[in-house]
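Descriptive analysis of the structure
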Amino acid sequence: WNPVHQMSRVGIPIIGVVRGHVITGGFELALACDILIGSHTTTFRDTHVKFGLAPCWGLSQKLTQRIGPGRAKIVSFSARPLRAERAYEWG
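Every chain's residues receive numbers from 1 upward, in the order its sequence appears when written. Totals for whole chains, interfaces and linings use every residue, but because this is a predicted model, local features are given only for residues with pLDDT of at least 70 and side-chain atom pairs only at 80 or more, for both listing and counting. Values shown for side chains rest on all heavy atoms present in the structure; no hydrogens or waters enter the calculation.

1. Overview of the nonpolar core
Using the following cut-off: In this text, buried Ala, Val, Leu, Ile, Met, Phe, Trp, Tyr and Cys residues form a nonpolar core when linked through side-chain atoms within 4.5 Å. Burial classes follow relative accessibility: with a 1.4 Å probe on protein chains only, a residue under 20% of its type's maximum area counts as buried, one over 50% as exposed, and anything between as partly exposed. Residue contacts follow a heavy-atom distance rule, with two residues in contact if any of their heavy atoms lie within 4.5 Å.
Within the largest apolar cluster, 15 residues are counted, with the highest numbers of intra-cluster contacts made by Val22, Phe27, Phe44, Leu63, Ile67, Val75 and Leu82. Discounting residues that sit within four places of it in the chain, Ile67 has contacts with Ala72, Val75, Trp90 and Gly91. Judged by nonpolar contacts, the second largest core, of five residues, contains Val4, Met7, Ile14 and Cys33.

In structure tokens form, the structure reads like this:
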């Protein structure tokens, strides 16, 4: 079962609202939204690399499309938090 695949089949725009920490699977779900709204407390973090896992719901592709390959590598390979303000600036 892949919730991101199910989200892509809905047929209507999905608006996501996030607050606080959006980590790994939550980050993947957030990236699957057509419109994403965060707050000043929102941070995104991809921790797959910390546990030796590969993203399986499209995070690497969707993140690259949104912020570019270089920045996506920094976010994914470092496992450091990305604040909402910076994410907005990057795309």
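2. Let's talk about the sheet that holds strand S4 (residues 43-45)
Note: strands within a sheet are paired through backbone hydrogen bonds, in either parallel or antiparallel orientation. Our working rule: A strand pair is defined by DSSP finding two or more bridges across the two strands. Each helix corresponds to a stretch of at least 4 residues labelled H or I by DSSP, and each strand to a stretch of at least 2 residues labelled E; elements are numbered beginning at the N terminus.
Strand order in the open sheet made by the three strands is S2-S4-S5, with mixed pairing throughout. Both edges of this open sheet fall to strand S2 (21-23) and strand S5 (82-83), since each of them pairs with a single strand only.

3. Section: the pattern of salt bridges
Here is the rule we go by: A side-chain nitrogen of Lys or Arg and a carboxyl oxygen of Asp or Glu constitute a salt bridge if their distance falls within 4 Å.
Taken as a whole and judged by the stated rule, the model has two salt bridges. Residue Arg83 is joined to Glu85 by a salt bridge in which the shortest nitrogen-to-oxygen separation is 3.6 Å. Using a relative accessible area of 36% as the deciding quantity, one classes Glu85 as partly exposed.

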